[in-house]
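Chain by chain, the residues run as shown.
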Amino acid sequence: MPSYKMTNGERVEKSVIDYRVRKAKERKIEMMMLEHGYVFCEEVGCGKNANCGEPIDCSHDISVDECQKMGITEWAWDVKNITMRCRTCHKIHDKTIIGHPLTKK
Ligand SMILES: [Zn+2]
């Protein structure tokens, strides 16, 4: 089982990461429901909701993969690193993300 570094230097197993990421996504949706009563795309100028016929995804600002590579694995389950995006904005985000200079391919 692979493990990845956190900023404190400790390593965390992939299964634990996956579990915590899942929980963070649930928490993110909970927070939105509490604050707004529904889930919508948080991209500026978009704001699509579930009635627009597109799934609204939990999208990482810094991808889980990048967090792991950069040794900031705990960011993967930080709710502040998760943004709700409609499928269209999610795709655009994942394509245009420049990434950390250290992890650039
Ligand atoms: Zn959107």
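A.B. asks: Break down helix α1 (residues 14–36) for me, with residues and values.
C.D. replies: An ideal rise of 1.5 Å per residue puts 33 Å on 23 residues; α1 measures up with 33 Å between its terminal C-alpha atoms. If you check which residues of α1 are buried, you get Ile17, Val21, Ala24, Lys28 and Met32. In this fold, the buried residues of α1 make contact with β1 (3–5), β2 (11–13), β3 (56–60), α2 (64–70) and β4 (82–86).

A.B. asks: So what about the pattern of salt bridges? Which residues, and what values?
C.D. replies: Inspection of the entire model under this criterion finds 10 salt bridges. Between Asp18 and Lys14 there is a salt bridge, and its shortest N-O distance comes to 3.3 Å. Residue Asp18 and its partner Lys14 are both found in helix α1; the two are separated by four residues, about one turn of the helix. On the basis of relative accessibility, which here comes to 36%, the residue Asp18 falls in the partly exposed class. According to the relative accessible area criterion, Lys14 is partly exposed, its value standing at 21%. Residue Glu42 is joined to Lys28 by a salt bridge in which the shortest nitrogen-to-oxygen separation is 3.0 Å. Of the two residues, Glu42 is situated in the loop between α1 and β3 and Lys28 in helix α1; the sequence distance between them amounts to 14 residues.

Basis of the calculations
- Residues numbered from 1 in each chain as written.
- Predicted model: local features only at pLDDT ≥ 70, side-chain atom pairs only at ≥ 80, totals over all residues.
- Heavy atoms only, no water.
- Helix = DSSP H or I, 4+ residues; strand = E, 2+ residues; numbered from the N terminus.
- Expected span 1.5 Å × (residues − 1).
- Buried < 20%, exposed > 50% of the residue type's maximum accessible area, 1.4 Å probe, protein only.
- Contact = heavy atoms within 4.5 Å.
- Salt bridge = Lys/Arg side-chain N within 4 Å of Asp/Glu carboxyl O.

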